[in-house]
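# Notes for the structure review
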Amino acid sequence: MKLVRHSKFLLVLALITCLLVAGCGGYRRPTTSIGGRGGIGERGGIGERGGIGGRGGIGGRGGIGEGVYSEPVYAEPAPRKEPTISSLVSVPRTGPEFQNIFGESPTKSTEYSVERNLSKFAHGDSQFLISSQQLRKFLEVDTSNVLLLVGHNKAGQFMLPDGSSFKLAEIDSYTTRNRVVVLISCNSASVSSSGSTIGIKGKIDYDQASRIQSVVLDEIYTRHDLDFENNYNYSVDETTKIVEAAELRAHVIKGTPYVVGGGAAGGATITYITIFTQD
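The following paragraphs examine the structure supplied in this document.

Parameters at a glance
Residues numbered from 1 in each chain as written. Predicted model: local features only at pLDDT ≥ 70, side-chain atom pairs only at ≥ 80, totals over all residues. Heavy atoms only, no water. Helix = DSSP H or I, 4+ residues; strand = E, 2+ residues; numbered from the N terminus. Buried < 20%, exposed > 50% of the residue type's maximum accessible area, 1.4 Å probe, protein only. Contact = heavy atoms within 4.5 Å. Pairing = 2+ DSSP bridges. Axes fitted to C-alpha atoms, helices over the stretch in contact; angles between N-to-C directions. Phe/Tyr/Trp six-rings, centres within 6.5 Å; stacked < 30°, edge-to-face > 60°. Salt bridge = Lys/Arg side-chain N within 4 Å of Asp/Glu carboxyl O. Polar contact = N/O pair within 3.5 Å; in protein donor to acceptor, adjacent residues only side chain to side chain. Core = buried A, V, L, I, M, F, W, Y, C linked by side-chain atoms within 4.5 Å.

### Digging into the overall build of the chain
In terms of helices and strands, the chain carries six helices and ten strands. Within the chain, the fraction of its 279 residues that count as buried is 37%. Counting only contacts in the chain whose residues sit at least 6 apart along the sequence, the fraction spanning at least 24 positions is 55%.

Spelled out as structure tokens, the structure:
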């Protein structure tokens, strides 16, 4: 009988204890337990929002797997534009034209030299000039990147077969942002202070002029790094080197003096022996 009363007393005491704990903020159902909100598998837990696989987590929105990946965008380089070249030549074809250009009648040897070299100037699309009027009209409409002007000059006056002349210093007014002018004429390096005009430092004859013209044209046609539209300064510098090397080569072949350092205004001269010949 005492045992029964004692058991009832313990049961009542346990019941009162449970009620007191539940009512006074004691142990409650966990909210971060496994399977509960904020727990593993719930919000903030593994597999839920904010957790691994949840929003912002691995595989969630903005995370690895659900976020959008874009390939990096690189600026495409400007396509290279092949240089365009024009070549204008003023050479005599008859005795009177020789007289108009050089101011003297040709000898038999000079006539033969002119006839022999005439075909050598017909490189590529070279055009033979007759008058200064024809030259000016061409310069006004031509849009080539490289313009070669080949011929004889007297004190800076470029001589034409009809007896007219063109002042080489005026060539600067026909240069454009994307053009360089190469003057293949005696002492033409001193007629212009423009960086867009390249000249010859010393004296050359028709045979040397034709060699220089041929080398310059071939080099510019085959140099894939020249781009006057997108890399003008570099292209002008490289063209200057091409012209200087072509002039040096022409003097080496001929064994004639070559002006170094001062152009027509001065500088040292060196004379080369002929190391090989070429017709």
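### Details of the sheet that holds strand 4 (residues 153-154)
Judged by pairing direction, the sheet is antiparallel, and its three strands sit side by side in the order 4-5-6 without closing on themselves. Of all strands in the sheet, those bounded by a partner on one side alone are strand 4 and strand 6 (165-167). Where strand 4 lies against strand 5 (residues 157-159), two bridges are found, and the strand directions are antiparallel. Bridged to Asn153 within strand 5 is Phe158. Here helix 4 (residues 132-141) sits on the sheet in contact with strand 5 and strand 6, set at roughly 45° to strand 6.

### Description of the packing of aromatic side chains
In this description, an aromatic ring pair is defined by two values, namely the gap between the centres and the angle between the planes. Inspection of the entire model under this criterion finds five aromatic pairs. Measuring from ring centre to ring centre gives 6.3 Å for Phe166 and Tyr174, while their planes differ by 50°; the resulting arrangement is tilted. Side by side, Phe166 and Tyr174 carry an identical accessibility label, which is buried. Of the aromatic side chains, those joined through ring pairs into one cluster are Phe98, Phe102, Phe121 and Tyr206.

### Here we look at the sheet that holds strand 8 (residues 197-199)
Ordered in space as 2-1-3-7-8, the five strands form an open sheet in which the pairing is parallel. A strand with exactly one partner marks an edge of an open sheet, and here the two such strands are strand 2 (127-128) and strand 8. Relative to strand 8, strand 7 (residues 180-184) runs parallel, the two sharing three bridges. Directly across from Leu183, in strand 8, lies its bridge partner Gly199.

### Comments concerning the pairing of strand 1 (residues 85-90)
A large share of strand 1 lies buried, amounting to six of its six residues. Neither face of strand 1 is open: one carries Ile85, Ser87 and Val89, the other Ser86, Leu88 and Ser90, and all of them are buried. With six bridges joining them, strand 1 and strand 3 (residues 146-151) adopt parallel strand pairing. Within the sheet, the bridge partner assigned to Ser90 lies in strand 3 and is Gly151.

### Things to note about the pattern of salt bridges
Side chains that differ in sign of charge can pair as their charged atoms come close. A full pass over the atoms with the stated rule returns eight salt bridges. Across the pair Glu97 and Arg93 runs a salt bridge whose closest N-O atoms are separated by 3.6 Å. The salt bridge partner of Arg179 is Asp142, with a shortest N-O separation of 2.8 Å. Pair noted here: Arg179 is in the loop between strand 6 and strand 7 and Asp142 is in the loop between helix 4 and strand 3, with a separation of 37 residues, a long-range link. Each of the two residues, Arg179 as well as Asp142, counts as buried. Sharing partners across several salt bridges, the network here consists of Arg223, Asp225, Glu238 and Lys241.

### A few points about the environment of Ser210
When you line up the elements, Ser210 lands in helix 5 (residues 206-222). Judged by its relative accessible area of 3%, Ser210 falls in the buried class. Sequence separation between Ser210 and Val150 is 60 residues; the distance between their C-alpha atoms is 8.4 Å. Reaching out from Ser210, the side chain makes a polar contact with the backbone oxygen of Asp207 at a distance of 2.8 Å.

### A look at unusual backbone geometry
What you tend to see is this: most non-glycine residues have negative phi, and most peptide bonds are trans. Notably, Ala155 is not glycine yet its phi reads approximately 50°, a positive angle. You can see Ala155 is positioned in the loop between strand 4 and strand 5. Looking at Ala155, the relative accessible area reads 87%, which means it is exposed. The phi dihedral of Asn187 is positive, around 55°, even though this residue is not glycine.

### A short note on the nonpolar core
In terms of nonpolar packing, the biggest core is built from 30 residues, with Val146, Leu148, Ile184, Ile212 and Val216 touching the most fellow members. Going through the elements one at a time, strand 1, strand 3, strand 7, helix 5 and helix 6 (232-254) are the ones with two or more residues in this core. Excluding residues within four positions of it along the chain, Ile212 makes contact with Ile184, Ile200, Ile204, Ala246, Glu247 and Ala250. Leu139, Leu147, Leu160 and Val181 belong to the second largest nonpolar core, which has 15 residues in total.

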